[in-house]
Amino acid sequence: MKTNFDFDQIPETAWCPGCGNFAILKVIKEAFVELNIDPMKLVFSAGIGQAAKTSQYINSNCFNGLHGRALSVATGIKASNPELIVIAEGGDGDMYGEGGNHFIHAIRRNIDIVNIVHNNMVYGLTLGQASPTSRKGSKTTLQLDGVFLEPFNPIAVAISLNASFVARAFSGDMKQLKGILKEAVNHKGYALVDVFHPCVSFNKINTFKWFKDNTYYVDESYDNTDKMAALEKAFETDKLPLGIIYKNGKNKTFSENLKAYKNNKRPLYKREVNLKKVEKLLLSN
Amino acid sequence: MKNDISIVLSGEAGQGIRTVELLIIRALKNSGYNIFSTTELMSRVRGGNNTTEIRVSNKSIQSFVDKIDILIVLSRNAIYRIENRLSENTIIIGENTFIEDKYKDGQYKIKDIPLSSLAKEVGGLIYSNVIIFGLLSGIFNINLNLIKEYISEQFSAKGVNITENNINAVIKGYDYGKNLKLAIQVEKNEEIKKQIILSGTESVAIGALAGGCNFISAYPMSPSTGVIQFLAKHSEEFGVVVEQAEDEISAINMIQGAWYAGARAMTTTSGGGFALMQEGISNAAMVESPIVIHLAQRPAPSTGLPTKTEQADLNLALYTGHGEFPRIIFAPGNVEDGIFLTQKAFNLADKYQIPVIVLTDQFFIDSYQSIKPIDFSMFKPKNYFIKTDKDYIRYKITEDGISPRGVPMYGKGYVRFDSHEHDEGGFITEDPEIREKMVDKRLRKMESISKESIDAEIIGSKNYKTLIVGWGSTYGVIKEAVEVLKDDDIAFVYFKQVYPLPNNTQKILEKAKNRIIVENNATSQFGQLIKSQTGLEFNKHILKYNGMPFSLEEIIEKLKEKK
Ligand SMILES: Cc1ncc(C[n+]2csc(CCOP(=O)(O)OP(=O)(O)O)c2C)c(N)n1
Ligand code: SF4
Ligand SMILES: [Mg+2]
């Protein structure tokens, strides 16, 4: 069925058959339809990579910028027009490697956006090198003897930075993924949704089956507002937890802290320069 | 001493020399004197040796001079770095113990001031700088009530006691200064009292506001940081989103997000930070986002001399970013142009959807001048984005290369920016034909941009045989040198737009028999640009790259020998 977020002509996707990105794309569109979101108000800020191409296939506003920089662009967008719903989207290399510094600081700013990271534990677009989340021992075309670096743990990093919403999902379970995405969009403040998905072409280790076998959902009794409990979850290695791992809605968002909105709530594009005021400032200097 | 006095304050970082500078230039200006001041720092927060030069004149001045008429010594080891600038006419004022014996052999006039004990009498060494302010005010016989007023304003927030101590301090200094009877004569001019004191930093920041800037993101780096600090101070009043980015890469991308959503955004940085922004600048070219970048140069490569001056990043700005795309580079040489050009940068960036770089340097940024009030009605800040309709496409191929830019939520269309090569709708394409069309479209903007270039300005004789070429911050010193030389054969041409070269460049340069270029760098980057674009060469190059600005004496001497 054609949704609001589909183009009249279905664009040709650049993904391999069987890739987890298809499921993620489908779920994102469905989630926005179910949330009744006006595509006019929605902006995708994407980086570069197979994951980041998702924005190319959604009919709405988008800024498909540089590899690694989607969070910075998203911050500029949201801070200039807080009425927009802003999604920063990319892969594990995009967000945790090239853009790692922005990842840390977007969380600290608590910019009110959803950060979707398609985590396939590999660099897909550049044909299969290790990514920051590659498991130890993964052999690639570049890490010939297997990765010996400690994998980056985005969930633990985000919680330790007191991120306001931290979740992990799996593209193989579209229903759960959709639920988590919807909660992330409705959440006020920065929301990380790290989505495991298999790269069928370059990751022969972390396959669909591997993700199925090595993950589990946090249960009803789990209190995701307890930071230390959440950290413990984040460090589990036997099986990796899925679900909303941590939630902290107490902090003010970035836009709420900005003085530019203290006396004037209008988005910046609706504002005009007051030259008289600038002239007065010069004269009073 | 008559009509052109140079005072140098020399001391350690952390002694409050800047406070004295700001107070005294204001007091002098409001007494009817022309002033210019400039600071030369060592890169440290405490200790070392910093000097501030304050010039007081009966003429409008904007240059650094070597000569020192009055040297105020505020610490030990404050003289040796400027020893060669002293003459038999220099009056050295300072605490006896701060002045090394070798300067006391009679070649200089020394006035001992028991600064420490005077300060202690008032309440502690912390009052030393205010005593010096008083001393200078006394020397120039400035109205004492005016001085007290400034002190009250400056310190009222700190409580009655502190204000009173400072007033006592200023009076002590004042009496001392008057009693020196230095016989200073500088003609005053009532008109000057109406003028405004402005630094390079302030001119860029106020220019930005006049250009409608409502978003700034930057990572601190000397000497560029003052601009974001200034806007932070006025963030609420002017509705400016101000954010210290985690790095320059973030800053340059953040401001593109801001423009995308309809803000008017800038960043401010120095060479190293600008180098980190290169990929982002190239991105702006591809997505066709307006951006304004203030690049305040300091000596490089690498960390270089963090607090000194140089004009060696012209090539960096000129060639920044991978790929081929249009850009504009301005280089203000005085604070009027700092305001005018930064303001204009916003409009041109918006109109052409390109990077516009405002290229300054430490000397420009950290110097203060007084200027006449500016008529702001000549500024026409304008948003160029359009209200989109349902069929809006972002990268429409047009005759002048400008594709109307939409903003999300304004109108009925989707706004799709793409950093890949794209078709008119903003979708990835690898079609060779579309690729060529898009490259041509983007480059075509350069035609209109060139047409509205800001002409280079001739100062001095219209019948010149010798032409001195300068750009940016050398404006003041070359102008003053030409005025001093009063030679009918000599003129100075000032470039405030360095790229694209103004349309009158060729004509002005061709007319000269002898072309001399003055640049604060080692390889004459602007000279090379002119040569590559006009085919015209320079007979002489006056270049300086030791971290200091040119001095007036130096330029005059070099011009005499090179003419
Ligand atoms: C500055 C820069 N460096 C490198 C690249 C090349 N590059 C593009 S995508 C990518 C990594 C992709 O990995 P990831 O973000 O995990 O996305 P995936 O393709 O796996 O979905 C790299 C290295 C680039 N585009 N820009
Ligand atoms: S390379 Fe991997 S991530 Fe990319 S489309 Fe193919 S399967 Fe998906
Ligand atoms: Mg990946």
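See the structure shown above.
In this report, the structure presented in the accompanying data block is examined. Computed from a prediction, not measured in an experiment: that's the story for all the values here.

Topic: the overall build of chain B
- Looking only at helices and strands, chain B has 18 helices and 23 strands in total.
- In summary, chain B has a C-alpha radius of gyration of 26 Å against a globular reference of 24 Å for 563 residues, a match within 12%.
- The principal-axis extents of the C-alpha atoms in chain B amount to approximately 80 × 60 × 40 Å.
- Among the 563 residues that make up chain B, the fraction classed as buried is 63%.
- Contacts spanning at least 24 positions in sequence make up 73% of the contacts within chain B whose residues lie at least 6 apart.
- Looking at chain B as shown, the accessible area adds up to about 20,900 Å², and 48% of this sits on carbon and sulfur atoms.

Remarks on the coordination of the magnesium ion (ligand 3)
Residues and elements named next belong to chain A.
- Around the magnesium ion (ligand 3), the protein contributes the donor atoms Asp92 (OD), Asn120 (OD1) and Val122 (O), at 2.0 to 2.2 Å from the metal centre.
- What makes Asp92 buried here is its relative accessible area of 2%.
- Classification of Val122 by relative accessible area gives buried; the value is 4%.

Here's the deal with the interface of chain B and chain A
- Contact with chain B, which involves 65 residues of that partner, is made by 53 residues of chain A.
- Counting the surface lost from both chain B and chain A, the interface buries some 5,000 Å², and carbon and sulfur atoms represent 63% of this.
- It is Glu236, Met409 and Tyr414 of chain B in chain B that bury the most area against chain A; as a group they hold 16% of the surface buried on that side.
- Between chain B and chain A we count three salt bridges in total.

Here we look at empty space enclosed by the protein
- Tallied over the full model, the rule gives six cavities of 30 Å³ or more.
- Looking at the lining of the largest cavity residue by residue, the classes come out as five nonpolar, eight polar and four charged.

Regarding the pattern of salt bridges
Residues and elements named next belong to chain A.
- Tallying each qualifying case throughout the model produces 44 salt bridges over all chains.
- Salt-bridge contacts for Glu34 lead to Lys178; the nearest nitrogen and oxygen are separated by 2.7 Å. Of this pair, Glu34 sits in helix H1 (residues 21-34) while Lys178 is found in helix H6 (residues 174-186), placing the two residues 144 residues apart along the sequence.
- Exposure remark for Glu34: the relative accessible area of 44% places this residue in the partly exposed category.
- What makes Lys178 buried here is its relative accessible area of 16%.

Observations concerning a negative patch on the surface
- A surface patch of negative charge is lined by Asp431, Glu433, Glu436 and Asp440 of chain B.
- Mapped onto the fold, Asp440 of chain B is located in helix H14 (residues 432-451).

Some details on the side chain of Gln195 of chain B
- Within the fold, Gln195 of chain B resides in the loop between helix H5 (160-179) and strand S7 (196-199).
- Not counting residues within four places of it along the chain, the set of residues in contact with Gln195 of chain B comprises Lys29, Ser370, Ile371 and Lys372 of chain B.

Considerations on the site of ligand 1
- In the region of ligand 1, 17 residues are neighbours, and Gln50, Asp92, Gly93, Asp94 and Gly124 of chain A sit closest.
- Near ligand 1, the surrounding residues belong to chains A and B.
- Contacts to ligand 1 include Asp92 of chain A, whose side-chain N or O atom sits 2.5 Å from an oxygen atom.
- Considering each element in turn, the shell around ligand 1 owes the most residues, four residues, to helix H3 (residues 92-98) of chain A.
- Tallied by class, the residues present in the shell around ligand 1 amount to five nonpolar, eight polar and four charged.

Some points on the layout of surface pockets
- Estimates place the volume of the second largest pocket at around 980 Å³.
- Residue lining of the second largest pocket: 33 residues in total, with Phe7, Gln9 and Asn59 of chain A together with Arg416 and Phe427 of chain B positioned closest to the centre.

A short note on the site of ligand 2
- Taken together, Trp15, Cys16, Cys19, Asn21, Gln50, Asn120, Cys199, Val200, Ser201 and Phe202 of chain A make up all the residues around ligand 2.
- Here the residues of the shell around ligand 2 sort into six nonpolar, four polar and no charged.

What counts and what doesn't
- The residue numbers shown here count from 1 along each chain, following its written sequence.
- By the order in which they are written, chains take letters starting at A while ligands take numbers starting at 1.
- Totals for whole chains, interfaces and linings use all residues, but because this is a predicted model, local features are given only for residues with pLDDT of at least 70 and pairs of side-chain atoms are given and counted only at 80 or more.
- Only hydrogens and water are set aside when side-chain values are computed; all heavy atoms of the structure are taken into account.
- Labels follow the DSSP assignment, with helices taken as runs of H or I lasting at least four residues and strands as runs of E lasting at least two, numbered in each case from the N terminus.
- Put simply, the radius of gyration uses C-alpha atoms, and a globule should come to 2.2 Å times the residue count raised to 0.38.
- Buried means the residue's accessible area, taken with a 1.4 Å probe over protein chains only, is under 20% of the maximum for its type, while exposed means over 50%, and partly exposed covers the values in between.
- Any two residues whose heavy atoms approach within 4.5 Å at even a single point are treated as in contact.
- Using a 1.4 Å probe, the Shrake-Rupley method yields the accessible areas, and only the shown protein chains count as cover for residues.
- Distances up to 2.8 Å from the metal define which N, O and S atoms are donors, and 3.2 Å serves for Na, K and Ca; water is absent from the atom set, so sites may look incomplete.
- Here the buried area means the combined drop in accessible surface, using a 1.4 Å probe, for two parts upon being joined, counting both sides.
- One side-chain nitrogen of Lys or Arg within 4 Å of one carboxyl oxygen of Asp or Glu is enough to make a salt bridge.
- Note on definitions: the grid is 1 Å and covers protein atoms alone; a cavity is a set of points where a 1.4 Å probe fits but cannot get out; a pocket is an open set with protein on both sides within 12 Å along at least five of seven lines; lining residues have an atom within 4 Å of a point.
- Grid points are joined across faces, edges and corners, and a volume is the space filled by probe spheres set on the points.
- Gly falls in the polar group here, along with every residue not listed as nonpolar (Ala, Val, Leu, Ile, Met, Phe, Trp, Tyr, Cys, Pro) or charged (Asp, Glu, Lys, Arg).
- Patches draw on residues past 30% relative accessible area with no salt bridge. Two like charges within 9 Å are joined, as are two nonpolar side chains (Val, Leu, Ile, Met, Phe, Trp, Tyr) within 5 Å.
- Two residue types count as positive, namely Lys and Arg, and two as negative, namely Asp and Glu; His and chain ends fall outside the count.
- Here the site of a charge means atom NZ of a Lys, CZ of an Arg, CG of an Asp or CD of a Glu.
- Nearness here has a simple test: a residue counts as near a molecule or strand if at least one of its heavy atoms is within 4 Å of that partner.
- Counting of polar contacts relies on pairs of N or O atoms within 3.5 Å, with two restrictions inside protein: one atom must be capable of donating a hydrogen and the other of accepting it, and residues adjacent in sequence are counted only when both atoms are side-chain atoms.

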